[in-house]
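Working through the structure, step by step
Next come the chains, spelled out residue by residue.
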Amino acid sequence: MMSASAAPDRLAARLAVQDLLHLEARLLDDRRFDEWLDLFTGDASYRLPISDVDDPHEPALIADDRAGMEERVFRLTRTLAHAQNPPSRTEHDVTNVEVRELEDGLVEVLCHQTVHELRVGDPFSVGLAEPRLLAARCRYLVVPGEPWRIRSKTCRLLAREYPVYNLTFLF
Amino acid sequence: VPRSSRATRPTSPTGACDFAAAPHVETYRGLVFANLSTEGEPLQQRLATVRRYIDAWCDRSPEGRVTLPVGTHRYEYPGNWKMQVENGVDGYYGNYVHESFADLLERSGERTATDISRTRNRVGAKNHAKGLPHGDALLEREDGMLGTFDSAGWPEYRQQLLDRHGPERMQEAVTQRNVLVFPNLYLFESHIRVVRPVAVDRTWVDVHPTTLVGASDAARLKEHQRFFGPASFGQPDDIEIFVCAQTGVRAGAAPWMELSRGLAREVVNELGEHVGHSSDEAPQRAIYREWRRRMTAQEVPA
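Conventions used here
Residues numbered from 1 in each chain as written. Chains lettered and ligands numbered in written order. Predicted model: local features only at pLDDT ≥ 70, side-chain atom pairs only at ≥ 80, totals over all residues. Heavy atoms only, no water. Helix = DSSP H or I, 4+ residues; strand = E, 2+ residues; numbered from the N terminus. Rg over C-alpha atoms; globule rule 2.2 N^0.38 Å. Phe/Tyr/Trp six-rings, centres within 6.5 Å; stacked < 30°, edge-to-face > 60°. Lys NZ or Arg CZ within 6 Å of the ring centre and 35° of its normal. Buried < 20%, exposed > 50% of the residue type's maximum accessible area, 1.4 Å probe, protein only. Contact = heavy atoms within 4.5 Å. Core = buried A, V, L, I, M, F, W, Y, C linked by side-chain atoms within 4.5 Å. Pairing = 2+ DSSP bridges. Axes fitted to C-alpha atoms, helices over the stretch in contact; angles between N-to-C directions. Expected span 1.5 Å × (residues − 1). Buried area = accessible area lost by both parts, 1.4 Å probe. Salt bridge = Lys/Arg side-chain N within 4 Å of Asp/Glu carboxyl O. Polar contact = N/O pair within 3.5 Å; in protein donor to acceptor, adjacent residues only side chain to side chain.

**Concerning the overall build of chain A**
Helices and strands together make up the secondary structure of chain A, namely three helices and six strands. When the helices and strands of chain A are read in sequence order from the N terminus, they spell out α-α-β-β-α-β-β-β-β. In terms of C-alpha radius of gyration, chain A reaches 17 Å, essentially the compact-globule figure of 16 Å for 171 residues. Summarising its shape, the C-alpha atoms of chain A cover approximately 60 × 35 × 30 Å along the three principal directions.

Given below as structure tokens:
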């Protein structure tokens, strides 16, 4: 049985997490990548593993520490990255959110994310005007506070061990 | 092959799988080659002119052994498989296609864009693009392995190679080489790559990162992953260009693709290699000579 005082705390945590996830989705879809970086802690990580075990010796689609994330955003915002010319238009949907407070004060968030992606252009150009849908199960570790920040984001794509066409937008 | 329940072994009273055997299976330096045809030359003969480069690739390990202990990066693109085959031995396009990656190296202080361009354009004893017999090909540059080896561990690694191989062989081993074994096997500094045609306009590529046995290369996979793989900062820009080229080859009004760069200065050496400047298209010409020979079953002058 939950104590009377725990329920409002749990509700507050859930609302804070939902706000954070929705804000993240909006910043990504608005291509406000520098602000997206600000949602993360200084020791953050961002990972899209291929294997089911979190082993740093296994190849991953993405295995960024904070410096890697900053490099990724720099590439997207300040260089001529052909794979993002024209850029991806995205819609991030977040569902099945579960929130669990851990003993060390961190909050674990499990959720599903689907990303709709489209690169706008002449339909006769191969690779453009072809909508894609990528689904993943994601796990976040979040640090409560003012504001709440993301310590880690790990997403496992549904089709992670199969060949992937360029995935150069931020998932 | 992605694991599935269909991949479980069939059982038979003898415990044998009773699969049909490939007519020819041979190995060279740990690489396994299976030939499903009853025809074709023996492996030693097939590899005779490319073997020296496979040897140098293996000798990057202080123990002379390269292994594949980890998983695979797989990517696909809506384009023809030969785009990827041509690309791996192309030393011309980098300054344009990988401008973004050069900017990243400049930002991190690892290398200036001018340095990178100078490395690409240098003329030297080990800066070549080569078309080999059998349609094999290679691109070689003197000071390679940058971006695929932890720069902090580099001095120790060089010393290991020096102790094992001596100065001349060490220099040979650390020369950057992308080696194509026609038609679809690549040996790169950090990985083995297999190009798999799925349809005329659809290609899968398997990238298997390697470990150099005996070398302490903790950061090597990380560096590899920074440039290769579908979400990296290098390879996707190549793939975008393949896809643009795939759009281009649909244009019926211009049916020819020109691969003439460096044709006039290409020389054939004593090994039968067509040698060009590292930015020339000697490798691509070798690939297509062999491709035409096989597709038309008619001898084409070398």
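**As for the packing of aromatic side chains**
Summed over all chains, the structure comprises eight aromatic pairs over all chains. Positioned over the ring face of Phe74(A) is Arg107(B), at 5.0 Å from the centre of the ring. Sitting above the plane of the Phe188(B) ring, Arg193(B) keeps its charged end 4.1 Å from the centroid.

**Quick look at the environment of Ala136(A)**
Residue and element names in this part refer to chain A. Relative to the helices and strands, Ala-136 is located in strand 5 (residues 132-143). A relative accessible area of 6% places Ala-136 in the buried class. The sequence separation of Ala-136 and Thr-154 amounts to 18 residues, and the corresponding C-alpha distance is 9.6 Å. Look past the residues within four positions of Ala-136 in its chain and what remains in contact with it is Cys-111, His-112, Gln-113, Cys-155, Arg-156, Leu-157, Leu-158 and Phe-171.

**Let's talk about the nonpolar core**
The nonpolar side chains of a soluble globular protein tend to be buried with one another. Trp36(A), Leu48(A) and Phe171(A) are the most contacted members of the largest nonpolar core, which has 43 residues in total. Element by element, the count of residues in this core is highest for helix 1 (residues 6-29) of chain A, at eight residues. Excluding residues within four positions of it along the chain, Leu48(A) makes contact with Ala60(A), Leu61(A), Ile62(A), Cys155(A), Leu157(A), Leu167(A) and Phe171(A). In terms of nonpolar packing, the next biggest core, distinct from the first, is built from 21 residues, Leu105(B), Phe227(B), Phe228(B) and Phe233(B) among them.

**So, the pairing of strand 1 (residues 40-49) of chain A**
Residue and element names in this part refer to chain A. Strand 1 sits mainly inside the fold: seven of its ten residues count as buried. Where strand 1 lies against strand 6 (residues 149-157), four bridges are found, and the strand directions are parallel. Opposite Arg-47, over in strand 6, you have Thr-154 as the bridge partner. In terms of strand pairing, strand 1 meets strand 2 (residues 60-65) through five bridges, oriented antiparallel. Across the sheet, residue Ser-45 finds its bridge partner in strand 2, namely Asp-65.

**Some words on the sheet that holds strand 10 (residues 202-209) of chain B**
Residue and element names in this part refer to chain B. Pairing within the open sheet is antiparallel, and its nine strands lie in the order 4-10-9-8-7-6-5-13-12. The sheet terminates laterally at strand 4 (73-77) and strand 12 (267-268), the two strands that pair on one side only. Pairing of strand 12 with strand 13 (residues 274-277) involves two bridges; the strand directions are antiparallel. When the bridges of strand 13 are listed, Val-267 appears paired with Val-275. Contacting strand 4 and strand 9 (191-199), helix 10 (residues 235-249) crosses the sheet at an angle of about 25 degrees to strand 4.

**Section: helix 7 (residues 154-165) of chain B**
The periodicity of an α-helix, 3.6 residues per turn, causes residues three or four positions apart to be oriented the same way. With twelve residues, helix 7 of chain B should reach 16 Å at 1.5 Å per residue; the first-to-last C-alpha distance of 16 Å fits that figure. Taken together, the buried residues of helix 7 of chain B touch helix 8 (167-174) and strand 11 (211-212) of chain B.

**Let's talk about the pairing of strand 5 (residues 128-131) of chain B**
Residues and elements named next belong to chain B. Residues of strand 5 alternate between two faces, with His-128 and Lys-130 on one and Ala-129 and Gly-131 on the opposite face, all of them buried. Here four bridges tie strand 5 to strand 6 (residues 137-141), and the two strands are oriented antiparallel to one another. Bridge pairing in strand 6 links His-128 to Glu-140. Counting the residues between successive antiparallel strands, the hairpin from strand 5 to strand 6 contains five residues, one of them, His-134, with a positive phi of roughly 70 degrees. Bridge count between strand 5 and strand 13: four bridges; the pairing is antiparallel. Bridge pairing links Ala-129 to Gly-276 in strand 13.

**Here's the deal with the interface of chain B and chain A**
Contacts between the two partners involve 36 residues from chain B, matched on the other side by 35 residues from chain A. Summed over both sides, the interface between chain B and chain A buries roughly 3,200 Å², with carbon and sulfur atoms accounting for 56% of that surface. Interface area lost by chain B to chain A is led by Arg107(B), Ala231(B) and Phe233(B), which between them contribute 18%. Counting every contact that joins chain B to chain A gives four salt bridges. When the shortest N-O distance is used, the salt bridge between Arg226(B) and Glu71(A) registers 2.7 Å. On inspection of chain B and its partner chain A, the count reaches 20 residue pairs in polar contact (both at pLDDT 80 or more). Those elements that provide at least two residues to the side of chain B that touches chain A are strand 4, helix 4 (94-97), helix 5 (99-108), strand 10, helix 9 (220-227) and helix 10 of chain B. By residue number, the principal contributor to the side of chain B that touches chain A is helix 10 of chain B, which donates eight residues.

**Concerning helix 9 of chain B**
Residue and element names in this part refer to chain B. The element helix 9 is largely enclosed, with a buried count of seven among its eight residues. For helix 9, the complete set of buried residues consists of Arg-220, Leu-221, Glu-223, His-224, Gln-225, Arg-226 and Phe-227. Immediately downstream of helix 9, the backbone of Gly-229 shows phi near 100 degrees, a positive value.

Shape is all these values report; function is a separate question.
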